[in-house]
Amino acid sequence: MPELPDVEGYRRLVAAHFVGLTVRRVEVLDAGVIRNSNARQFRKTVRGRTFCRVDRRGKWLVAHMDGPALVWHFGMTGSLVVVPRAAALDRYDRFILAGDEDELRYRDMRKLGGVWLAGGGAAIDEIIGPQGPDAWTVSLGDFAGRLRARRGAIKPALMDQRVIAGLGNMLSDEVLWSAGVRPARPAAALDSGEVERLHRALRDVLRRSRRAGRIPRTPSWLSSQRDQEQPICPRCHGQLERGTLAGRTALSCPNCQR
Ligand SMILES: [Zn+2]
């Protein structure tokens, strides 16, 4: 699932290859990912427009054009790729925005993500909905206050975009494991030392994964064990635990996390 580092990677990709460029051709291969418009309207609105600026807001990407903005959410399997104009189609390419030389393609296997057209700032806010501060920039004081005000376990709190924006299942597990905090602990009951450790782990995990443009699967990361049948803790080498919390899987170490 694309989380903050992945979306940041897409932001940099679009900024590097498309800002300043005009969309010459729009090809909609599957209108199911065009969320608040239809294929014809989308083509008409986007063709001939120039990309001005690209922002990330939590797990959302906002590409401002000279006119409308494109607002992306990547769902479970969405991604953006830049390929030369003649490149073969991928079976999951859903639409194509072609510049003079390169094409920006939205690829999505499960089609839970998609793109919205927004006329201006208020429309963008409405599409994205209420969000907390970005996980990358939230201050320790703000973070602590938000956790104190929260009912329920810490993991769903970290994943709730209204608390902080940008984390999904994988990063929340990584941050909790890195800080040594069990995912089921009540958020409001964490002491100040634990909240500080969590905030530091958040910064550290995001810094390293932003640099990589995605969540690394290197052996020292919990994420390297996600798809293993018998996941082993990279720190203590004990067996990791797979639980369910608020309907999502949670991977944690019963030995390292308290
Ligand atoms: Zn461990």
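Residues numbered from 1 in each chain as written. Predicted model: local features only at pLDDT ≥ 70, side-chain atom pairs only at ≥ 80, totals over all residues. Heavy atoms only, no water.

Chemist: Just to check I follow, could you spell out the coordination of the zinc ion for this structure?
Modeler: Ideal coordination angles are 109.5 degrees for a metal with four donors arranged tetrahedrally and 90 or 180 degrees for a metal with six donors arranged octahedrally. The protein atoms that coordinate the zinc ion are Cys233 (SG), Cys236 (SG), Cys253 (SG) and Cys256 (SG), at distances of 2.2 to 2.4 Å. In terms of primary sequence, the donors binding the zinc ion are separated according to C-x2-C-x16-C-x2-C. Within this pair, whereas Cys236 is found in the loop between α7 (192-212) and β9 (241-245), its partner Cys253 is found in the segment after β10 (248-252), the two being separated by 17 residues in sequence. Take Cys236: its relative accessible area is 27%, and that puts it in the partly exposed class. (Donors = N, O, S within 2.8 Å, 3.2 Å for Na, K, Ca; no water. Helix = DSSP H or I, 4+ residues; strand = E, 2+ residues; numbered from the N terminus. Buried < 20%, exposed > 50% of the residue type's maximum accessible area, 1.4 Å probe, protein only.)

Chemist: Just checking my understanding: could you explain the domain arrangement of the chain for this structure?
Modeler: Considered domain by domain, the chain is made up of domain 1 (4-128) and domain 2 (140-252). On a C-alpha basis, the centres of domain 1 and domain 2 stand 30 Å from each other. Taken together, the contacts link nine residues of domain 1 with 13 residues of domain 2. Taking both sides of the interface into account, the surface hidden between domain 1 and domain 2 amounts to around 840 Å²; carbon and sulfur atoms contribute 59%. On the domain 1 side of the interface with domain 2, the three residues burying the most area are Leu4, Pro5 and Lys59, jointly 57% of the side's total. Along the contact surface separating domain 1 from domain 2 lie zero salt bridges. Seen at the junction of domain 1 and domain 2, the total is two residue pairs in polar contact (both at pLDDT 80 or more). The greatest single-element share of the side of domain 1 that touches domain 2, amounting to six residues, is contributed by helix α1 (residues 4-18). (Domains from an automatic or database assignment. Contact = heavy atoms within 4.5 Å. Buried area = accessible area lost by both parts, 1.4 Å probe. Salt bridge = Lys/Arg side-chain N within 4 Å of Asp/Glu carboxyl O. Polar contact = N/O pair within 3.5 Å; in protein donor to acceptor, adjacent residues only side chain to side chain.)

Chemist: What am I meant to see in the pattern of salt bridges here?
Modeler: Where charged atoms of side chains with opposite charge meet at close range, the side chains can pair. Here the structure, examined in full by the defined rule, presents 23 salt bridges. The residue Arg57 makes a salt bridge to Asp125 at a minimum N-O spacing of 2.8 Å. Separated by 68 residues along the polypeptide, Arg57 in strand β2 (residues 51-57) and Asp125 in helix α3 (residues 121-128) bring together distant segments of the chain. Assessed through its relative accessible area of 31%, Arg57 is described here as partly exposed. Through salt bridges with shared partners, a single ionic network connects Arg25, Glu27, Asp90, Asp93, Glu103, Arg105 and Arg107.

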